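# Fold and geometry: a report
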Amino acid sequence: MVRALCLIRKEPYYRRQAFEKGLQRVGFKLLAHLTPEGPEDWLVIWNRKKGHDEAQADAWEAQGGTVIVAENGYLQKTDKTTYAISVHGHNGSGWFPVGDEDRFTPLGFEVKRWTSVGSEIVIRGQRGIGSTMMASPPLWAEKMAAELRRLALPLPVRVIPHPGNHAPRVAPVQDLRNAASLVIWCSSMGVLALTEGIPVFYTAPRWVCSDAGGAVVTEPNRNESCRMKALRRMSHGQWHFSEIETGEPFARIIARRKEAVW
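Attention in this report is confined to the structure presented alongside it. (Residues numbered from 1 in each chain as written. Predicted model: local features only at pLDDT ≥ 70, side-chain atom pairs only at ≥ 80, totals over all residues. Heavy atoms only, no water.)

## Regarding unusual backbone geometry
Quick note on the threshold: Strands are runs of DSSP state E lasting at least 2 residues, helices are runs of H or I lasting at least 4, and numbering of each runs from the N terminus. Here's how the labels work: a residue is buried when its accessible area is under 20% of the maximum for its type, exposed when over 50%, partly exposed in between, all with a 1.4 Å probe on protein chains only.
Although it is not a glycine, N91 sits at a positive phi angle of roughly 60°. By the element assignment, N91 lies in the loop between β5 (82-87) and β6 (120-124). Residue classification places N91 among the buried residues on the basis of a relative accessible area of 6%. Positive phi, normally seen in glycine, also occurs at L139, with a value near 55°. With respect to the helices and strands, the residue L139 is situated in the loop between β6 and α3 (140-150). By relative accessible area, L139 is classed as exposed at 54%.

Set out below in structure tokens:
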């Protein structure tokens, strides 16, 4: 018997009902309390936040169970419709199965030519939420801005604060309209920037589109093959809530769970 302890928060934003329906569709028995006895026992959580959540996930895996981590989707037209799902960790720190079909095109994002103009270097602020490995350090954006300014680069540096749980002040694409490049810890804004033709630099240990990211701000990665490979792979790590209800993302993980590495 496959069993699951689902700790996703309830509606409207976190789609717990969709997760529960999907898990039940593929045969999981949902329990309010569960001690894992093997990989067939799943703990389903929202992010893997350092502290209690991470400690619980660590203990679950130490006992042989599987941890499924959900978060907001990396690239979506309408907020709170698409959700990232992976084993162990979020935003490149875990694993998800990549299929053969095209999941990127249906997202409806035009992939624009790499920008040859831009009047500023943009840094996306972070909230410091995530696992011990993936949470951004305190004042990461401010320190990064100071470091870049010390380099006396030819372009000014601007920090875009993270909106937190509120709607952004302006649409993210508007914040990027003058960007020559974007610097992130591991923000999903970096995925959007790639579609806008803006080179991205990330400083986190992992990022879901790492194949297309750069490591040095003065050496932008404009490799088209890397960009499309990263975007297509990313699209297999997120699912519309209507797909989650069918159980498809969970069925794929079950079928290829032995391949999981992180």
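So that's the structure; there's more coming.
## Let's talk about the sheet that holds strand β2 (residues 29-30)
Whether parallel or antiparallel, the strands of a sheet pair through hydrogen bonds between backbone atoms. Our working definition: By the convention used here, strands pair only if DSSP detects at least 2 bridges between them. Residues count as neighbours in contact if any of their non-hydrogen atoms are within 4.5 Å of one another. All axes here are fitted lines through C-alpha atoms, helices being fitted over the stretch that makes contact, and every angle between N-to-C directions spans 0 to 180 degrees.
Pairing is mixed across the open sheet formed by six strands, whose spatial order is β2-β1-β3-β4-β5-β10. Pairing within the sheet leaves two strands with one partner each, and these edge strands are β2 and β10 (238-240). Its contacts with the sheet put helix α2 (residues 52-62) on β1 (3-6), β3 (41-46) and β4 (66-72), and the angle it makes with β3 is roughly 165°.

## Here we look at helix α6 (residues 224-235)
Rules: An expected span of 1.5 Å times one less than the residue number is assigned to each helix.
Here α6 contains twelve residues, and its C-alpha end-to-end distance of 17 Å stays within 8% of the 16 Å for a straight helix at 1.5 Å per residue. As for α6, its buried residues are in contact with α5 (189-195) and β10.

## Some points on the pairing of β4
Within a regular strand, the side chains alternate between the two sheet faces. Heads up, the rule is: Crossovers are described as right-handed under a simple rule: with the strands pointing away from the observer, the path leading from the first strand over the helix to the second runs clockwise.
Across the seven residues that make up β4, a large majority, six, are buried. Bridge count between β3 and β4: five bridges; the pairing is parallel. Directly across from L43, in β4, lies its bridge partner V67. For the crossover from β3 across α2 to β4, the handedness is right-handed. Relative to β5, β4 runs antiparallel, the two being bridged by five bridges. Each bridged residue has a counterpart across the sheet, and for A70 the counterpart in β5 is I85.

## Here we look at empty space enclosed by the protein
Which entries qualify depends on this criterion: Whether a set of points on the 1 Å grid over the protein atoms alone is a cavity depends on a 1.4 Å probe fitting there but being unable to get out, while an open set qualifies as a pocket with protein on both sides within 12 Å along at least five of seven lines; lining residues are those with an atom within 4 Å of a point. Grid points are joined across faces, edges and corners, and a volume is the space filled by probe spheres set on the points. The nonpolar class holds Ala, Val, Leu, Ile, Met, Phe, Trp, Tyr, Cys and Pro. Asp, Glu, Lys and Arg form the charged class, and all remaining residues, Gly among them, are polar.
By the definition in use, this model includes one cavity of 30 Å³ or more. What the largest cavity holds in volume is close to 40 Å³. For the largest cavity, the full set of lining residues is Y74, S86, G89, N91, G92, G94, W95, F96 and R233. Here the residues of the lining of the largest cavity sort into three nonpolar, five polar and one charged.

## Thoughts on α3
For the record, the criterion: Relevant arc is that of directions from the helix axis to the C-beta atoms, nothing else.
Among the residues of α3, W140, A141, M144, A145 and L148 are the ones counted as buried. The buried side chains of α3 occupy one side of the element, clustering within an arc of 130° when seen end-on. Opposite the buried face of α3, by more than 90 degrees, sit the exposed residues K143, R149 and R150. Considering only its buried residues, α3 is in contact with β6, β7 (157-160) and β8 (179-184).

On their own, these measurements won't tell you what the molecule is for.
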